Structure formats: structure tokens, C-alpha cells
Amino acid sequence: MALSWRSWLANEGSKHLFLLFWLSLNVWLFWKTFLLYYHGQQYYYLHQMLGLGLCISRASASVLNLNCCLVLLPMCRVLLAFLRGSQKVASRKTRRLLDKSKTFHVTCGITICIFSVLHVAAHLVNALNFSENYSEDFLALNVANYRGEDPRKLLFATVPGLTGVIMVLVLFLMCTASTYAIRGVLKYQSNLEEHPPGCFNPNKTLRENMTVPKAFEETFPAYTTEPFPEDLSVPEPFVQNNFVRICSEEPKFQSHFPETWFWISGPLCLYCVERLYRYIRSNKPVTITSVISHPSNVLEVRMMKVNFKARPGQYVILHCPRVSALESHPFTLTMCPTDTKATFGIHLKVVGDWTERFRDLLLLHSSQDKEILPIFQQRRYPKLYVDGPFGSPFEESLNYEVSLCVAGGIGVTPFASVLNTLLDGWKCYKLRRLYFIWVCRDIESFRWFADLLCMLHNKLWQENRPDYINIQLYLSQTDGIQKIIGKKYQALNSRLLIGRPRWKLLFDEIAKCNRRKTIGVFCCGPNKISKILHKLSNISNSYGTRFEYNKESFS
């Protein structure tokens, strides 16, 4: 199977280009800061004392500042949802790049961890050098009180060192460089004109005995260059070409103003404002209208909320204080509110303590599992708060002319909202053909959305568009021939296949039927299926068809 560069660029090009830009920015910032502290005149004496530890600590701090600035941006879910749904981002490639926000967040986090270790290690070396290279000439540069002072005192007995150690312990080396408090420790020289780095500053008696040429005094009143007396020995680098640079005053040192806040204040304020907005928006509990228990431990919850709007493919975050005061979970919307109905819903699979407790609170008795429980019954549902909606890659499924949607088990939920939307009306969307592939282990799982699939199938047949949707249901584990029980499901039984899909043949068939078109591939299911589809999307075909791969990823 040959790789298609056209498909690879469509699927991976923008991601790798952005990654290359981000990596280049980090390398440039690291090297620029390293050279500044290595060759900068204002850091001459400090570099003489600390050596490469100074350069590495400050260079790594610059990289940490950049990534601490960027790490919060991918977590601004409301901003990402706005950009995805608005016309501000017209390019589909750019919108698809937003789907990688979680990956970028993790990448920035790993970078912060790595450079935090480097930053802390460099400062440990600096603490040792402050002790061993105590300067008798420039006392303002010293952090140690005397030569040979225990470096551990500098780390644990000073405010900058102690706060740095605490941040390392609390944040697990995640953000230590930006908060490793060394603001009053590293200093730069502020009077470079009066005291050039490396100049010779003779005492008053020596200055009186040295004759400085008048021409040099008129030209350089602050300092001048004078032939060095032969009977006075001064080490390099103060003497160059048998001349010495004379300075007029002692060097003055000034502490750095903290830079981290300049980097993180903007994103931090944006994130805090968004969190406040989300808190206000989700502060009012929703009204649960009904709860339906489906086969295979799947629960459907239908709700209403004032002014709640969502697009097909989006997800919400549920918080139920009676289940857990601190824990929240994301769930994809399977039904979105429309102009004619305000109800929206989710399907959740009961797996784990949170979903089990949530189910027990919603259902009265185990014998009522299959009953629809209307809101007018004498029943008090627990308070449920909904945060969202937030964007996901499946919003793009309606923006392709042809889409391939592959679901594994409960991974069908993102596509349920798309199918519900098409049931309300499909002509207003760009989508003209939908391939829907659903793989389940047991026959009962198909009953979750069997009614929805049958209604959509019948609607399209009545509108003379039977080719609009191609439904293929795969039963991966079975002991014999099975079917979905019920006469109304006959249309689905004819599309029920035993075994697993033959993905390569499926892609070839779709490419053959849609020559020279761009097909959106959407997957929500096990990683094994996802990797296969991702790989096949980058494989070339003889029909000029391009597959663009998208995968569900909660950020």
C-alpha cells in the first residue's frame, strides 16, 4: 500500500507544519537567550561567576515562559467552540487543526516538565557556584554570605530558594521555571557606559600617578584608553594590544524585574474569564424530562434548559453533586435542541462508580429499568448541571459532500445527533452522501438507535433519496445468524453483517463510487479501529479520491 502525499498533506501537513513552527520558536528563543547571557555585556561579571549554569537556567526559563503562556490556550473550550462554529475561521484545514488542541496541550505540558528539570538542575549548579566563586570585588553580585557557604542554605534558608523548592514539590516540576523565585538573585549591570565590562578601575592613588592623554579626556570624559604601566601587572582580559580600558566608577547591579507574568498573565486572565463564564452559564440545573434504560447497560437522559443551543457533534460536561461534588464527565449529545423542540439528550454506558451511582439515582427500581419515566410522575430527579456545549471534530461531518462515519459500540453517540439532525431536514447541508458503519459485539446494542435509523431510512426513501445514506451494521461476536427482533427493523436486518469490516475493500469501494472527491472520515471507537482508518486515509488510490481523517477527542 503506497502512501499518498496528497492525502498525507491533507491529514498531517498542517499539524506537522504547526509543530515545526512551534519547535523552531522554542529553539530560537532558547538560543537567543543563551547567547544574551553568554555574550551580553550587562551579564559579564555574573557569567564570570556562574558560567554556563547562568546561560542554561535563563534559556530554559524563556522556553518555560513561552510554553506556560501557550499551555492554557487549548483548554479554553468556549473560545475553541466559538472559533469552530463561527465564520472567523473559514478554512476547514484550520478548523481541523483545532481538533489537535488536546495534543498540543499535552505537548506543552511535557515540554514544561523537561525544561523544568533542566531549569532546576542549572540553578542547583548556580547555587554551588555562588558559594565557590564568592566575589570580594563585587559584593552586590553575591548571594552567599561568604566563600564556601553551604549551597543548601541558599536553597532552603532564603526566600527565593525555599519558594522554588516548594513549587517543585507542589507542581511536580510542571511549572517550576516560571515560579522558581530567583528574582532578587540574578542581577545585571546597569552602568555599562561608566563601567565597560572588563575595564580596569585603579584606586585613587594609582589614578593620580597615571597621566591620561588630554585628547582622550576630551573625547571620552567618562573613561579612556591609556598605555598600561609596565611595572603594574594586570591579568587578561583587561589588557588588549598593550592598552587598558579605564572606568570612572564601580559597576552597579540591578535585580531583574519578573518576566513570567508578562507571558502568562494574558492567557491566565482569558482562562479565568472563561471559567467564570462557564460557571455562570452552568450554575442553573437542567430539567430532566425522561430517563430511558436501554439494553447492554446504556442509559438515555433527556433534558431541557433555557436558551440552550448546540450543534450536531458537540458534547457537554455533566456534574451531579449527589454523585460527586468534584467529579464531572463529558458526554456527546445524541439529540440537539431545534427550533421546534427544546429537548436535548445524551446516552451513557454504565461503566464505573460514577455512572453506576448516577443510574441508581435516576431509576426508581431495577424492575423499572425499561420504563420511560415522565417528569410529571411523583419522582424527584437529582440536580444535574450541564456545562457546554463544546466543539468536536464531528461538527464537520455535515460540511463534506461525502462523509464516512465509523462507530464502535457506544462510540455511535456523536453520529446519533447528526442522524437526528438529518431526520429534521438534510437539504440545507452540504452533505449529499453518508456512509454509516457501526460495529457492535452483541445484537442488542443496535437497539439503542434502531428506531432512529429506521425513521431516517424511511424518510429518505419517501423523498426518493435512498442513496443518501449507506448503512452497514457489523456484529463482531456471534454464535450464529441473528437479527434485530421486530418487523419495523426489517430494513436494518438486511444491512446486518456478521464479522468485522474489511476496511481496505471498504475504502476502495467508497473511492471508486466517489472519484476525485474529498471524503471526510470520522471515527469514534476503539484505538485499533482508529489506527486502521487513519492509516488507510493516507494510502493512495487509483481513483483520485482523498480521505480526510477526523477522530473524537475530548479536550
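What you see is a predicted model, and the numbers here were worked out from it, not measured in a lab.

Engineer: Is there a simple way to think about the pairing of strand 10 (residues 344-349) in this case?
Structural biologist: Every other side chain in a regular strand lies on the same face of the sheet, so the side chains alternate between the two faces. With respect to burial, strand 10 is a largely interior element, 5 of its 6 residues being buried. Strand direction decides the pairing type here: strand 7 (residues 298-304) and strand 10, joined by 6 bridges, are antiparallel. For Glu300, the partnering residue across the bridge sits in strand 10 and is His347. With 2 bridges connecting them, strand 9 (residues 329-335) and strand 10 associate as antiparallel partners. Within strand 10, the position partnered with Leu333 by the bridge is Ile346.

Engineer: Hey, could you run me through unusual backbone geometry in this one?
Structural biologist: It is generally the case that most residues other than glycine have a negative phi and that most peptide bonds are trans. With an omega dihedral of 10 degrees, the bond running from Gly388 to Pro389 counts as a cis peptide bond. Relative to the helices and strands, Pro389 is located in strand 11 (residues 385-390). Although it is not a glycine, Asn464 adopts a positive phi angle of roughly 60 degrees. In this structure, Asn464 sits in the loop between helix 15 (450-462) and strand 14 (469-475). On the basis of relative accessibility, which here comes to 64%, the residue Asn464 falls in the exposed class.

Engineer: Sorry, what's going on with the pairing of strand 11 here?
Structural biologist: With 6 of 6 residues buried, strand 11 lies mostly within the body of the structure. The sheet contact formed by strand 8 (residues 315-319) and strand 11 spans 4 bridges and is antiparallel. Across the sheet, Tyr315 pairs through a bridge with Phe390, a residue of strand 11.

Engineer: How should the sheet that holds strand 6 (residues 287-294) be read in this particular structure?
Structural biologist: Two pairing modes exist for strands in a sheet, parallel and antiparallel, and in both the strands are linked by backbone hydrogen bonds. An order of 6-7-10-9-8-11 is seen for the 6 strands of this open sheet, with the pairing classed as antiparallel. Unpaired on one side and paired on the other, strand 6 and strand 11 mark the two borders of the sheet. For this sheet, the mean inter-axis angle between neighbouring strands, taken without regard to orientation, is 35 degrees. Packing of helix 13 (residues 353-362) onto the sheet brings it into contact with strand 6, strand 7, strand 8, strand 9 and strand 10, and relative to strand 7 it is tilted by some 60 degrees. Lying on the sheet, helix 14 (residues 413-424) is in contact with strand 9 and strand 10; it crosses strand 9 at an angle near 30 degrees.

Engineer: What am I meant to see in the UniProt feature "transmembrane region" (unreviewed entry) in the chain here?
Structural biologist: Per the UniProt entry, the sites bearing "transmembrane region" (unreviewed entry) are residues 20-39, 59-83, 104-125 and 154-182 in this numbering. Summarising residues 59-83: 76% helix, 0% strand, and an end-to-end C-alpha distance of 33 Å.

Engineer: Even after reading the chapter, I still don't get the confidence of the model for the chain, so can you show me in this structure?
Structural biologist: For any part of a model where pLDDT is low, the fine detail of the predicted coordinates should not be relied upon. Averaged over every residue, the pLDDT of the chain is 76; the share at 70 or more is 69%. Across the chain, the secondary-structure element scoring lowest on mean pLDDT is helix 9 (residues 176-179), at 36, and the one scoring highest is strand 8, at 93. pLDDT under 50 marks residues 173-184. Its contacts with residues more than four places away, or in other chains, come to 46 contacts. Across residues 203-242, confidence stays below pLDDT 50; counting only partners more than four residues off in sequence or on other chains, it has 50 contacts.

Engineer: What is the right way to look at helix 15 in this model?
Structural biologist: Note that an α-helix has 3.6 residues per turn; residues three or four places apart therefore point the same way. Over its 13 residues, helix 15 runs 18 Å from end to end, which matches the ideal 18 Å to within 8%, given 1.5 Å per residue. Among all positions in helix 15, only Ala450, Leu452, Leu453, Cys454, Leu456, His457, Lys459 and Leu460 are buried. Asn464 sits one or two residues past helix 15 and shows a positive phi near 60 degrees.

Thresholds, definitions, all that
Residues numbered from 1 in each chain as written. Predicted model: local features only at pLDDT ≥ 70, side-chain atom pairs only at ≥ 80, totals over all residues. Heavy atoms only, no water. Buried < 20%, exposed > 50% of the residue type's maximum accessible area, 1.4 Å probe, protein only. Helix = DSSP H or I, 4+ residues; strand = E, 2+ residues; numbered from the N terminus. Pairing = 2+ DSSP bridges. Axes fitted to C-alpha atoms, helices over the stretch in contact; angles between N-to-C directions. Contact = heavy atoms within 4.5 Å. UniProt positions renumbered as here; feature names shortened; annotations may be inferred. pLDDT = per-residue confidence, 0-100. Expected span 1.5 Å × (residues − 1).

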